[in-house]
Amino acid sequence: MAATAETVDQVQDNSGDKYKYGFVTDIEMDTAPIGLSEDIIRFISAKKEEPEWLLDWRLQAYHRWLEMEEPTWAKVNYPKINFQDIYYYAAPSTKEKPKSLDEVDPELLRTYEKLGIPLREQEVLAGVVAVDAVFDSVSVATTYKGKLEEVGVIFGSFSEAVKTHPELVRKYLGSVVPASDNYYATLNSAVFTDGSFVYIPKGVRCPMELSTYFRINAENTGQFERTLIIAEEGSYVSYLEGCTAPQRDENQLHAAVVELVAMKDAEIKYSTVQNWYPGDETGKGGIYNFVTKRGVCRGANSKISWTQVETGSAITWKYPSCVLQGDNSVGEFYSVAITNNAQQADTGTKMIHVGKNTRSTIISKGISAGKADNTYRGLVKILPRAEGARNYTQCDSLLIGDTCGAHTTPYIESRNPSARVEHEATTSRISEDQLFYCRQRGLNEEDAVGLIVNGFCKEVMKELPMEFAVEAQKLIGISLEGSVG
Amino acid sequence: MTDRTLLLDKIGGAGLPTPRVESWKYTDLKALARLNPVLADANSGQSITAVPTGTLPEIEAAQIVLTNGELRPDLSDLTALPEGVTVEETDAPAPPEFWREDALVGLAPGTAIAIRVAKGVEASKPLHVISIASGDAMAIRPSVTVSLGEAARLVLIESHIGDGTYFTNVTANVTLARAAALGHYKLQADGRSAFHIARTALTLGDNTEYDGFRLSTGGTLARDEIRATLDGSHIEARLNGAYMAGDGQHIDTTSFIDHAKPECRSHQVFKGVLDAGGRGVFQGKILVRPDAQKTDGYQMNRALMLSPDAEIDSKPELEIYADDVKCSHGATIGELEENQLFYLMARGIPRDRARHLLIEAYLADAVEHVGHEPTRAAFQKTISAWLQHHDGTPETLEIRGART
């Protein structure tokens, strides 16, 4: 497969420079004063010219957050975060909002070019992906808006949606992840800055993949984005999300909230390639990725599918979940989580079966190398009304080296006798036989590992849209660099 | 009545564990706190004058009988003790490090029944420890320590029965020296209103073999917690079990296998049957420490749901720090296959009988691992009896002399 060959090339190309997105864009920034207080929230809200109700919503969340305790149940260790030592708002300074791409700071355009994200529509060869680019706290550009508007799809930054479609935002914001859901989601509700908003009207199949590219640039900044996707009856959308950050010695916090709503017969496919800066070999620096993602299948026969490739971040703490309310609704979770060096990941999913004949599939592949710890944590819950519910879970862990850890913690709760739940988990390592076989055919050890790992993850990778699959395969090779020998 | 110490006073401090503690997430002891039983008096068990028959595994064995947690030499058959096996009351060992924090461990009595098998002794006859309880709002604390010397062999059966709203807090400490082999089979058939909370700590040495099976059918709330430390190489540990809950029963099985040394094998199969109002909990964890290379760990929990108001909560866990290992676990939840029932009924077998056959076959997978043949047969009988009982034939347990 060509992509596999590319993985090999990539590994060789990057032998000197492991995290190629580690550069900093030198651009003039507008920031809020450091720290968190009611004033900062008012500042963010004012900056975004938000309506009163949204400010109230933020403040309520903030007061709630002050009373909450930081959760400690995940299998991750990190020094206590000083929430007063973070900038909650940072944006490239502009006198006025750019009307077209030509007015966007060329430095910003160059940044996205360097990241491989073309923002100029004519530069996109296939022209099949619309991109919303989020730089620190604000969305800097959204492509193909016109084309999408023709079919009635609303795609753009969250702040803009608050202005143009306040009724939709107000109706759905917090309807899936309530403001008081958990510590980080509540913090996000108080201080979220930007993110993407997607609305697919009834019966529309979104004509192109939608994509958001998140970039943390400023120092000591937290990124708190909020994404809301609503798929009306009979609609379909595929949404991709990518993330990178500069290489810094300090840890940076990223606490996002993603809410998905799928109505009757609708389908949302949500794919993530998470490549935040993971820190160096000794565990210095890197992003704390504490994210709450949840989708609700509200209508009958709806479907939500999460696919994630998690290669970055010093710490990953996220559980993209599905609440299967509608009868016959389907939830899927496909995940590859790779941890190397000192990275820690505690990730998995929750499948809550509420409606009849709801089905869920969980495929999780955890790869651990170096001194990393990788935990799958998941919940499958069958409620009494979920007649005929079905779940299949498979969690495989691969250990590379004897100083890393791989853990599996599933919770399985069933209250309906007609439900069928199956869970399987295995732990293994790359066998000597497999390595020997590849080496014999002339591959060096690192390439052989890349090949075997890509094979191990194949079930998940095939769920990714084409554009992302190649990228993700490359990332896997890079992430595992230096893990053998 | 000399001393009337209430359970919660004795425990003091933080009180009973609550569902906020991760390992007690699914088992709430509120009802036990409400009962707040009195610690049983030294001679409270004397009213029990005979060992009831009918519910115990009928196995030819030497017998150690405890009534309300105290050793009863008069009911025990110590003369039949296999040679090289000694039984005495000793000071209870200090609770293992991993349970120090647990309030219920502090409840263990100051003395324990110590069973020792000398080095090289192969006990010809099984040893049956029977704990009988009778009384209301009373807490009893049977405590047993078992140690097998080098290359010693023993079959140990542990039975728990009783009637009343009592609470039995069971402590068992088992230590196997190098190359020893123990068959350890437990029946928990405590009274339907009883609380049974048991902790079994196993410490296994080099080249030992542990063959365990536990069947839980009794109690209104029961928790059977096993912690096995594989503290040697080339250990073979089989820890299987079955639990059957109906009528508002809550049965919790919690196991923790600690692979501390290389080249050991652990195998667990637990099967649950949940009938009307029954709730099953299974929490199983396999820990493989960095040194424990070449570990082979397997764990399976299957639950069969027979009724719309049954519930199962399962949490199988793997925590692995060594790379050259083979570890897997699985969990399944489902109901009886309608087409299997149909197959049997089409051959003239009545529906109830067909159901029994299928459930027995389903449980056989766990029971058939019992290495000691007569015990296996006895457990199979107990399972059949439970199924009968659940179809309307009431099971009565009369404890002679206990109540007049």
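Scroll up for the structure.
The following refers to the structure shown. (Residues numbered from 1 in each chain as written. Chains lettered and ligands numbered in written order. Predicted model: local features only at pLDDT ≥ 70, side-chain atom pairs only at ≥ 80, totals over all residues. Heavy atoms only, no water.)

Thoughts on the overall build of chain A
Helices and strands together make up the secondary structure of chain A, namely 12 helices and 24 strands. For chain A, with 485 residues in total, the buried portion stands at 64%. Taking as baseline every contact in chain A between residues at least 6 positions apart, the subset at least 24 positions apart corresponds to 84%. Entry remark: accessible area of chain A is about 18,100 Å², with carbon and sulfur atoms responsible for 48%. (Helix = DSSP H or I, 4+ residues; strand = E, 2+ residues; numbered from the N terminus. Buried < 20%, exposed > 50% of the residue type's maximum accessible area, 1.4 Å probe, protein only. Contact = heavy atoms within 4.5 Å. Areas by Shrake-Rupley, 256 points an atom, 1.4 Å probe, with all protein chains shown as cover.)

Remarks on the overall build of chain B
Along its length, chain B carries five helices and 21 strands. By the compact-globule yardstick of 22 Å for 404 residues, chain B fits well, its C-alpha radius of gyration being 20 Å. Reported as C-alpha extents along the three principal axes, the dimensions of chain B are approximately 60 × 55 × 45 Å. Looking at chain B residue by residue over its 404 residues, the buried ones come to 61%. Counting contacts in chain B only where the partners sit at least 6 residues apart, residues at least 24 apart contribute 85% of the total. Total accessible area computed for chain B in this model is approximately 15,500 Å², and 48% of it derives from carbon and sulfur atoms. (Rg over C-alpha atoms; globule rule 2.2 N^0.38 Å.)

Looking at the nonpolar core
Residues Leu210 of chain A together with Ile115, Leu127, Leu148 and Leu154 of chain B are the most contacted members of the largest nonpolar core, which totals 99 residues. Beyond its immediate chain neighbours, meaning those up to four positions away, Leu127 of chain B contacts Ala61, Ala62, Ile64, Leu81, Val85, Ile115, Leu154, Val155, Leu156 and Ile157 of chain B. Counting residues in each nonpolar core, the second largest holds 60 residues, with Ile44, Leu54, Ile81 and Trp317 of chain A among its members. (Core = buried A, V, L, I, M, F, W, Y, C linked by side-chain atoms within 4.5 Å.)

Considering the pairing of strand β11 (residues 181-189) of chain B
All names here are of chain B. Across the nine residues of β11, nine count as buried, placing the element largely inside the fold. Where burial is concerned, the two faces of β11 agree: the one with Ala181, Gly183, Tyr185, Leu187 and Ala189 and the one with Leu182, His184, Lys186 and Gln188 are both buried. Note that strand β9 (residues 153-163) and β11 share nine bridges and pair parallel. Its bridge partner lying in β11, Glu158 is registered against Lys186. (Pairing = 2+ DSSP bridges.)

Looking at the packing of aromatic side chains
All names here are of chain A. All chains considered together, the criterion is met by 23 aromatic pairs over all chains. Centroid distance Trp57 to Phe192: 6.5 Å. Interplanar angle 75 degrees. Geometry classified as edge-to-face. Of this pair, Trp57 sits in helix α3 (residues 52-66) while Phe192 sits in the loop between α8 (183-191) and β6 (196-200); the two residues are 135 residues apart in sequence, bridging distant segments of the chain. Overall, Trp57 belongs to the buried group, its relative accessible area being 16%. Taking relative accessible area as the criterion, Phe192 reaches 1% and is therefore assigned buried. Ring plane angle 15 degrees and centroid distance 5.8 Å describe the contact between Tyr288 and Phe290, whose orientation is recorded as stacked. The pair Tyr288 / Phe290 is uniform in exposure class, with both members buried. Taken together, the aromatic side chains of Tyr62, Trp65, Trp73, Tyr78, Phe83, Tyr183, Tyr184, Tyr288, Phe290, Trp317 and Tyr319 make up a single cluster linked through ring pairs. Lying across the ring of Phe192, Arg58 places its NZ or CZ 4.1 Å from the centre. (Phe/Tyr/Trp six-rings, centres within 6.5 Å; stacked < 30°, edge-to-face > 60°. Lys NZ or Arg CZ within 6 Å of the ring centre and 35° of its normal.)

Here we look at α8 of chain A
All names here are of chain A. Burial analysis of α8 places nine of its nine residues in the buried class, which makes it a mostly covered element. Within the span of α8, buried status applies to Tyr183, Tyr184, Ala185, Thr186, Leu187, Asn188, Ser189, Ala190 and Val191. The opening residue of α8 is Asn182, an N-cap whose side-chain oxygen sits 3.0 Å from the backbone nitrogen of Tyr184. (Polar contact = N/O pair within 3.5 Å; in protein donor to acceptor, adjacent residues only side chain to side chain.)

Quick notes on the interface of chain B and chain A
The partner chain A presents 31 residues to the 34 residues of chain B that form the contact. With both chains or domains summed, chain B and chain A bury close to 2,600 Å², and 47% of this area falls on carbon and sulfur atoms. The largest per-residue losses of area from chain B upon contact with chain A belong to Tyr321, Asp323 and Ile333 of chain B, which jointly make up 23% of the total buried on that side. Across the chain B-chain A interface, the total number found is five salt bridges. A salt bridge links Glu337 of chain B to Arg420 of chain A; the shortest N-O distance between them is 3.4 Å. Elements represented by at least two residues in the side of chain B that touches chain A include exactly β20 (311-320) and β21 (326-334) of chain B. It is β20 of chain B that contributes the most residues to the side of chain B that touches chain A, 10 residues altogether. (Buried area = accessible area lost by both parts, 1.4 Å probe. Salt bridge = Lys/Arg side-chain N within 4 Å of Asp/Glu carboxyl O.)

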